[in-house]
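# Analysis of the macromolecular model
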Amino acid sequence: MRFLHTSDWHLGRAFHRVDMLDAQAAFVGHLVETVREHAVDAVVVSGDVYDRAVPPLAAVELYDDALHRLARLGVPTVMISGNHDSARRLGVGAGLLDRAGIHLRTDPAGCGIPVVLPDAHGDVAFYGLPYLEPALVKAEFAVEKAGHEAVLAAAMDRVRADLAGRAAGTRSVVLAHAFVTGGEQSDSERDITVGGVAAVPAGVFDGVDYVALGHLHGCQTLTGRVRYSGSPLPYSFSEHRHRKSMWLVDLDAAGTVTAERVDCPVPRALARLRGTLDDLLADPALTRHEEAWVEATLTDPVRPDDPMARLTERFPHTLSLVFDPERAPDEPGVSYARRLADRTDQQIAEDFVAHVRGAGPDAREQAVLRDAFDAVRADEAVREVAR
């Protein structure tokens, strides 16, 4: 069985106000051509098809075009909803689309019901685990504590139970949208922390042949059987070192995995430049970045005049300008943003408590703060589902 593993299309998303729809359309064309060229037997899309619950019409039209083109090839597609998608909206018409070979898995109750595709060696069962928001699915999976590991473990119990009842030699693929321990984050993924914990151990997925992950935007291999495809396009400058690609996966008769990367077309390279304005404008080593999308961090001790206008004379595609004067961390004038860099909401709140009363929160108070942040995030998730 040869299948193509992709995820995190984020249709409708812009990159620093640059419309990415044409680039997303180019990716869809590349995807279809890859399926044709490499004789792919199935396509798996591991969530975040859209960038938000109610996507713009142009994004919906591109999604519709992608499904029609894949259906015309006669290649089955298995797709799950991610944390950016509205599962209920994405799943509309799933029963009808099944008949065209487009298998949408957006309902948590269906985690243990696979899409079964045959090849010359028998069946391959594809199990779709849509993004499982713990606050919304804890009752479905009868878990006492709403956390990512608990609900994913319960979903995987259903997968293993179904697989155990199938013919010997049935191979298995799980699609999941989650943050798995060992994965490398970027700035463009939405935080899914619950109870102070975002990541789940890879061991949750034991017992299946391949795990096609979505959520993190960098292509990465956690184990030979557990992989992120990453997003096909960059959505933040933190992705400037990413190689955007999909996984072309071969599953042999014994369930052994062979995978290779297929590069995706990217409209422009990304560059993160740092230095004084004069240095950035004069350094000949930066010539290779002149046609890239640029984020420039200026370290001048005093903010220079017209920095963006001057930068765009050399780097016409500069999209982000950051001021970070070279100062000691405790020196007066260090920016608030710099002081908060890499701090979680929980840490910021704890620092505030320490600032106003002279001592940080104790363990009980930390738990109260954590529960408050979880309640707000869960309420936002409920409101998004209801929109």
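Every chain is numbered on its own, with residues counted from 1 as its sequence reads. For this predicted model, a pLDDT threshold of at least 70 governs which residues receive local features, and a threshold of 80 or more governs which side-chain atom pairs are given and counted, while totals over whole chains, interfaces and linings are taken from all residues. The side-chain figures draw on all heavy atoms in the structure; neither hydrogens nor water molecules are used.

Named according to an unreviewed UniProt entry, the protein chain is Nuclease SbcCD subunit D originating from Streptomyces parvulus. Turning to the protein chain, the UniProt annotation filed under Subunit (unreviewed entry) states: "Heterodimer of SbcC and SbcD." UniProt positions are given in the numbering used here, feature names are shortened, and annotations may be inferred rather than shown by experiment. The protein chain has a UniProt comment under Sequence similarities (unreviewed entry) that states "Belongs to the SbcD family."

This part covers the overall build of the protein chain. When its secondary structure is counted, the protein chain shows 11 helices and 19 strands. The dimensions of the protein chain, computed from C-alpha atoms along their principal axes, are 70 × 55 × 40 Å. Only protein chains enter the accessibility calculation, which uses a 1.4 Å probe; a residue whose area is less than 20% of its type maximum is buried, one above 50% is exposed, and one in between is partly exposed. By residue count, 49% of the 387 residues in the protein chain fall in the buried class. Pairs of residues are marked as contacts when any of their non-hydrogen atoms sit within 4.5 Å. Within the protein chain, residue pairs in contact and separated by at least 24 positions form 69% of the contacts whose partners lie at least 6 positions apart. Per-residue accessibility takes into account occlusion by the displayed protein chains alone, with areas from the Shrake-Rupley method and a 1.4 Å probe. Here the protein chain has roughly 18,100 Å² of accessible surface; of this, 52% comes from carbon and sulfur atoms. Note that His is not counted, nor are the chain ends; the positive residues are Lys and Arg, and the negative ones are Asp and Glu. Taken as the charge centre is NZ of Lys, CZ of Arg, CG of Asp or CD of Glu, depending on the residue. Charge separation in the protein chain, taken as the distance between the mean sites of 41 positive and 58 negative side-chain charges, equals 2 Å. Only DSSP runs of H or I with at least four residues qualify as helices, and only runs of E with at least two residues qualify as strands; both kinds are numbered from the N terminus onward.

All right, on to the sheet that holds strand S17 (residues 270-275) then. The sheet built from 3 strands is open, its strands ordered S17-S18-S19 with parallel pairing. Among the strands making up the open sheet, the edge pair consists of S17 and strand S19 (318-323). For this sheet the average axis-to-axis angle between neighbouring strands, irrespective of direction, equals 15°. Here S17 runs beside strand S18 (residues 293-298); their pairing, made up of 6 bridges, is parallel. When the bridges of S18 are listed, Arg272 appears paired with Glu295. Contacts between helix H8 (residues 307-314) and the sheet are confined to S18 and S19, with S19 contributing the most and set at about 135° to the helix. Only strands that DSSP links by at least two bridges are regarded as paired with each other. Every angle, taken between N-to-C directions, lies between 0 and 180 degrees, and every axis is a line fitted to C-alpha atoms, over only the stretch in contact when it is a helix.

With that out of the way, let us pick up the pairing of strand S16 (residues 257-263). In this structure, strand S15 (residues 245-251) lies alongside S16, joined through 7 bridges in antiparallel fashion. In the sheet register, Ser245 faces S16, and the bridge partner there is Asp263.

Glancing now at the nonpolar core. Counting residues in hydrophobic clusters, the biggest one holds 32 residues, and the most contacted among them are Leu129, Phe141, Val174 and Phe205. Elements with a minimum of two residues in this core: strand S8 (122-129), helix H6 (148-164), strand S9 (171-177), strand S10 (179-180), strand S12 (210-214) and strand S14 (226-228). Ranked by residues supplied to this core, first place goes to H6 with 7 residues. Not counting residues within four places of it along the chain, the set of residues in contact with Phe141 comprises Pro108, Cys111, Leu132, Val151, Ala154, Ala155 and Arg158. Residues grouped as a nonpolar core are buried Ala, Val, Leu, Ile, Met, Phe, Trp, Tyr and Cys residues, joined through side-chain atoms within 4.5 Å. Membership of the second largest hydrophobic core comes to 29 residues, among which are Val40, Val75, Ala94 and Ile102.

To continue, consider unusual backbone geometry. A positive phi angle, near 50°, is found at His16, a position not held by glycine. Positioned with a positive phi, Ala39 is a non-glycine residue whose angle comes to about 50°. If you trace the backbone, Ala39 turns up in the loop between helix H1 (21-37) and strand S4 (42-46). According to the relative accessible area criterion, Ala39 is exposed, its value standing at 54%.

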